[in-house]
Every structure is written in C-alpha cells, then in structure tokens.
Amino acid sequence: MGWDAGPGALPQGSYADLAGRWMTALREGARDHVVPLSAGETAVLLARLAAEFDKSADAADPQPERAAAVGAQLARSHFVGEEVLGRSIDVLGAHLAATGVAAPRVVATLGAFANGYLRAFRTWLLGEQESVRTAEIEARRAAEEQLRASEARMRGVFAQAGVGTGLSDMTGRIIEVNAAFADMLGYEPAEMCGMMVTDLAHPEDESGMWELYGALMSGECDSVRLEKAYPHRDGHAVWTNLNVSLIRDERGAPQYTLVLVEDISEQRALQESLRYRAHHDQLTGLANRSRFFDALADAFAAPASGIGLCYVDLDHFKTINDTHGHAVGDELLVAAAARLRECLTRPGQLVARMGGDEFVILVPDPDRPGEVAALAETVLAALAEPFEINGQRLRLGASVGVVEERSDRTDVDEFLQAADTSMYWAKSAGRGCYAVFDPARGRREHARAELSAAIPEALADGQFFLEYQPIVPLSGDRIDAVEALVRWRHPDLGVLSPAEFIDLAEDDGHIPALGAHVLAQACRAARRWYDLDPDGAPVISVNVSAVEVADPAWLARVEKTLAETGIPPQRLQLELTERAFMADDGGPVAALRTLAAAGVRIALDDFGTGYSNLAYLGQLPLQVVKLAGPFIQRIRDCDSAGATDLVVLETIVGLTHALGFTVTAECVETRFQAEQLRGLRCDTAQGWYFHRPLSEERVTGLLEEQRRIVIPVEGGRTTSS
Ligand code: C2E
Ligand code: MG
Ligand code: MG
C-alpha cells in the first residue's frame, strides 16, 4: 500500500494542491483494494492526472475525452475501490467549481471522467474475472491429472503389492484381489473375483470372528485385525494376519471392505514347534516338567478337588548307563516312557518326564480311593517286564511314591514334597515297590529332619551336655568307672535323650563333631576328677558311634584329646557296639588296636543285641564286654528269672572271662539282679539300682564321699569300711 505513505509524499508544483487533496481524499476512503504503487509514484500519477483533468475543462477548448482518459487511467492504475470514484468526483468537482468553471461544463467534465473511469473499471473487472476462470480451469485440469496419476499408482501398488490385498462390496462379494492374495490361496485373481467372503471361512475361525465382520459391514467399526486361517485350494490351512478396513463414500456410507492379508504360516509353524518343544521332553516326547507344573496348577485351581500323583523313579538306572552306555540308556528311557503312557487309564491323566530317570503321572480328581495306588501297581508291572534294546534283554524296576490329597488341604509344594518323600520310602523299603504317603510319618520325618539340621548350631551354642552314670564292682560299691551319656537341652523341646538324636547325627554327618565334643567334655571332667584324687578317679567310659570310628580322622582326634586333657590312656574306656567292628576294610579295628596298645580300654557295648559270636570276640582288641539291658531285665526278680536265662547269662560270663575280658552288666534295677549277677561272677554293673545318670557335680560329691570313707591300711592298699 505504497500510496498510503504520509504527507511527505504529497506532489509539488502547479497541480500539487489538487493532487494533494485528491490523494488525501482517496487515502481517507475505504481501503478495499490494493494499489501497486509507492506513495511517490502515486503522487506523481495524481499530479499528472490532475493537470490533464484541469486541462480537459478548459473553457476555450473543452476536451471531455481527456477527462475520460484521466478516469480510465485512474482505474487502470488499480484505484478500483468502492469509494474511489465518489471521492475523486468530490475533489475534482470542488476544484472545477473553485476555478470558476461553469456548472454545465463541470457536469460534462465530471461525467466524462466518471464514464472513462467506469469503462476502464469494467474492462479491468472483466480481465480479472477471466484470469480467475482461466486459473480455475488450469487448477481443475491439474487436479484431474494428479488423480489419474495417483489412481494409476494405487492400481500398480494394489496389483504388485507383496501383501495380499482384496476388495469386496457390501454384499460380501469379492470384487478384486491382487496376485499375492490369489497366489496365497492357490487361485488366479480372476477366479477369486465373484467369490463370497464367506466362501473363505475355515473351521479354525475364532468364534466371534464373523460377528466382528458383521459389525464392520454394518459400519459399527472401521477396521478389524485378527489372525485367520484361509482354506487353500488344495485343502491345507494358510494362516494369515488379516486387517479388514471399511471404505466409506463421501457421505460416510459403507461402500467397500478392503482386506490386507499377510501369510504367517511359517511363523506359526515355528511358533508351534517352539511351543511343542517348550512343553515336551525331547528324548521321550512325554510332557516335560513345565507342562506338568501347568497341569498341576490347573488341578489345584479346581475348587476342593482330589489330586493324585505317582512319582516314578527307575531303580538302578545309573548302572544301565554305566554298563551299557548312554545310547542304550536313552533308548531304554524312550521305551519306559512308552510303557508309562500305556498305563494311563482315562483322559485327563498326564504322564511327564521330570528329568533323568524320574517320571510322574498326574491323576486329576481320582474316581475312587485307591485308584492312584492301583495305577502305581500297573506301572510297576509294566516296567517289570524285560525290555529288548538293541538285541539285549534289559531289566528295569521302579520305585513309586503315591500321594492322593484334596486341593484345599495342601498346596503344590507340599504335595510334591509328599510325592518325593513317599518315593524315597519306596526306595528305602527295598525298591521295586510303591509307598503311599502317610502324613503322620511325613510329619515325624520332617521333625527329625528339622532336629538334625539344628545340631550344628546346638553344638556351637553349647546345648549338648553330659551326665555320668557310675559303674560299680559287684564285689564292692566304690565307683570304678563312669559312663558319659550325652543329652541335648533343646530350646523348644526340652531335654532330649540320645535315642532321639544320635541316629540323626549319624545319618546326616554330624556325628564326628558331636562325638568330638562329647569326648572332649568327658575327658575334661575325668581330668578334674583325676586332679582331685589321682588314685581314686574313675575310668571315663565314652560311647563312640560306629560311624565315627569308620572316619579315618577319628584316631588322631582321640589321641589329640588325650594329649590335650592329659589323662592317662588307662583312664579312658571307649564303648562301641558290634557294628563298629564290622567294617570291611578293617580300618576301625586297626584304629582300636592302636588305642588299646596305648592303654585305652575298649568295651563292647550292648553285647547280645547283635549277632556276634563269642569266638569272633576273641580276635578283637577288647577288655570289657557290656551285657545288654534285655539280658538283665529277664532276671528282674525271682518270678521273671527262668532257669534258662540264668544259664545263658552264666555261659556268656564264663566264656567272656575265658577270653580274658571283664563283664559289665547294664540296666541293673533290682537287688535281685545285683545278687544274681554277683553270684554269676559278673565283674561290674551299672543301673538305677546303684546310680541314675548324674551331673558332674553329683559324681564329684559321690567321689569325695567315697574318699572320706576309705581307710588307709598297711602296705599302702586301701579298703572301704
Ligand atoms: P548305652 O551306652 O547302652 O547306655 C546305657 C543306657 O541305659 C543309657 O541310656 C542309660 O541312661 C540307660 N540306663 C542306665 N541304667 C539303667 C537302668 O537301670 N534301667 C534302664 N531301663 N535304663 C538304664 P541313655 O542315656 O538314654 O543312652 C542311650 C544310648 O545312647 C546309649 O546306650 C548309647 O548307645 C547312646 N549314647 C549315649 N550317649 C552317647 C554318646 O555320647 N555318643 C554316642 N555315640 N552314643 C551315646
Ligand atoms: Mg554305653
Ligand atoms: Mg549299653
């Protein structure tokens, strides 16, 4: 809008005033058009036109065509706004009047000016309209050209796209498919056109899929994505990822459906094989652990239902692997798996390989009590039949744990633990059999396991302590020896007797530590008694487990304890049961010989409860035989003691003496027993009749009392009063 540039641009010279007023008038009018002139150019133009106009009204030579040319020039110079003509007539009319032009001339000149202006304005307008029309035609032509090009492009894309594409109308008729789609299903594109979409239904179509298609056709939704199988012309299924979109017309009404189909058969096959491998054991083809755990979780998810399980472990399978090689072992597993599969009695049961030579059979909701045990019997019978592998006849047995529970009374972990435990019961019952889980036995064993696990901490915590039971000569009553008996002051269970934990310690490997602790405690007590009275101190008799003696490090431990506590070896007696002498390699006997040679007394504990014959005893490094409690209990009183019992005892005592050993009787509870044993010339005895197991302090008290009543006699010998 250059002509709108302020008073500085007003024209100078003779028509400057007129041009200035004219310019001001135009500037104040409506700005509804654009003049492509600067303010300076406008000023020059208006000054020129003002001069022309003035001359056209010359009284001597009026030239209305000149005024018309001025009007035309103004219009051609793009002064075409609504108020341009009116305002110009005002200014120019006022000028003519002021310069004394007569009214008729004024009217004629302004009329010519207006005509010139309007003619030029009309021409300009027509020109403008024409150029708009031409531009419009040009634009339409370009758009049509573009549309044609894009349609051609689309058609090319449609036809050549790798992705299957198809178009169907709103009746479900296929109008067009591309080569990729037709090829996917074994057709030519033309063969598919005219088919109905429903002709391509497949038995594996998800329920609800066709409802979705219906919703799309009715315009309720605009696109659907799903996985669909298409029937191939030759019958096999072609799995696809399908995207169906609705195409609407310009009013929004559904017009076509467009499908994009991607063949995912290979992906699915791969997925299928991965899924299979994830749930099956590769060697046997049975379900694997993971599938079994899923099935078990399902069984537990059913409210308050029964669940049964056979936990099958092949017996001595390792031997087969070791003697015949792993290839044969693998074939045997495959054959065993096939037999297990045949044991299933109804659908829903699942046989799985848990790994190695372990299998399970899950019986969800057993029909009747005992069904699972019956299945275990079938399994045992099936596996007991010999196997033919590579021309060799191989025998295999199995141990089966059976558990049957209700899902609301247990959980998965407990259930599996029960199955595992009962399988081990079957193993320890001699293999080749099944064991049904018994919760009471399970609880007992669990308690034992917990107790056993607590032994190391209890040892560190000083919970084990000793009591000492005096052993007295039957010919007198001074204390000859004391037997150390271990007890466990358990923080929750109170004081436990050795019968409750020694076996555990032996089975679970805690006995070396416990034995070492007992030996050290006992020897320290013995040392204290020895320090109080070196002559009258009792021999300390310590029980040693067979498992301990079998430990090659045991001998050194005993020698070290003797050295550390400094008690004379003659003051130590070790009590062992027959089991300790039975080891094949003779190691324990050698260790005992070494100790016996050093002066340590070796006693055979609980004699008569095992199977040893007296002749064998003669070859052992023994000094003492302790007669087991049951022998002594039979002669409790004159009513119970039969003549045979006494003869047996007399014979044992006689033979033991003949072998050069002394005899100690255990569990002497009555005077009658003590008198009979004395009569049979048994050497020493222990039992409640004499003393109960006592604390170290009580024994010290007894020893002190004994010392006070001992009277020295001539020649240094002592005797009791
Ligand atoms: P044992 O060596 O035969 O010990 C004698 C058992 O008879 C002790 O039982 C003792 O308390 C009990 N007893 C003593 N006098 C009588 C009696 O007049 N009547 C009856 N009915 N019983 C009597 P305790 O202390 O329960 O020990 C049981 C077994 O535990 C011991 O039998 C021994 O084999 C083992 N034992 C005890 N302490 C140890 C130890 O420190 N290490 C090992 N390895 N075993 C031990
Ligand atoms: Mg003993
Ligand atoms: Mg005993």
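Every value quoted in this text rests on a predicted model; they were computed, and no experiment measured them.

A. Spatial organisation of the confidence of the model for the chain. Put simply, the chain has an average pLDDT of 90, and 95% of its residues get 70 or more. The low-confidence segment residues 1-8 (pLDDT under 50) makes 22 contacts with residues lying over four places distant or belonging to another chain. Long-range and interchain partners of residues 713-721, a stretch whose pLDDT sits below 50, account for ten contacts in this model, where long-range means more than four residues apart.

B. Focus on the coordination of the magnesium ion (ligand 3). Donor atoms from the polypeptide that bind the magnesium ion (ligand 3) are Asp605 (OD), Asp606 (OD), Glu666 (OE) and Glu666 (OE), placed at 2.0 to 2.4 Å. Considered as a linear motif, the donors of the magnesium ion (ligand 3) on their single chain read D-D-x59-E. In this model, the magnesium ion (ligand 3) sits 3.8 Å from the magnesium ion (ligand 2), the two metals being bridged by Asp605. For Asp605, a relative accessible area of 7% translates into the label buried. Classification of Asp606 as partly exposed rests on a relative accessible area of 27%.

C. Quick peek at the pattern of salt bridges. Across all of its chains, the model carries 34 salt bridges by this definition. Among the salt bridges present, the one from Arg66 reaches Glu52, with a minimum N-O distance of 3.1 Å. With Arg66 in helix 3 (residues 64-76) and Glu52 in helix 2 (residues 39-56), the pair connects residues that are 14 residues apart, well separated along the chain. Residue Glu52 is classed as partly exposed on the basis of its relative accessible area of 24%. Residue Arg275 is joined to Glu272 by a salt bridge in which the shortest nitrogen-to-oxygen separation is 3.3 Å. With a gap of three residues between them, Arg275 and Glu272 both fall in helix 9 (residues 265-279), about one helical turn apart. Owing to a relative accessible area of 43%, Arg275 belongs among the partly exposed residues under this scheme. Residues joined in a network through salt bridges with shared partners are Asp313, Asp315 and Lys427.

D. How the structure looks around the packing of helix 12 (residues 326-343) against helix 13 (residues 371-384). Running from amino to carboxyl end, helix 12 crosses helix 13 at an angle of 145°, the nearest separation of the two axes being 9 Å. Seen from above, helix 12 lies across helix 13 with right-handed handedness. Packed against helix 12, whose contacting residues are Ala336, Arg339, Leu340 and Cys343, the element helix 13 presents Leu375, Thr378, Val379, Ala382 and Leu383 at the interface.

Cut-offs used in this document
- Residues numbered from 1 in each chain as written.
- Chains lettered and ligands numbered in written order.
- Predicted model: local features only at pLDDT ≥ 70, side-chain atom pairs only at ≥ 80, totals over all residues.
- Heavy atoms only, no water.
- pLDDT = per-residue confidence, 0-100.
- Contact = heavy atoms within 4.5 Å.
- Donors = N, O, S within 2.8 Å, 3.2 Å for Na, K, Ca; no water.
- Buried < 20%, exposed > 50% of the residue type's maximum accessible area, 1.4 Å probe, protein only.
- Salt bridge = Lys/Arg side-chain N within 4 Å of Asp/Glu carboxyl O.
- Helix = DSSP H or I, 4+ residues; strand = E, 2+ residues; numbered from the N terminus.
- Axes fitted to C-alpha atoms, helices over the stretch in contact; angles between N-to-C directions.
- Left-handed = near helix turned anticlockwise from the far one by under 90°.

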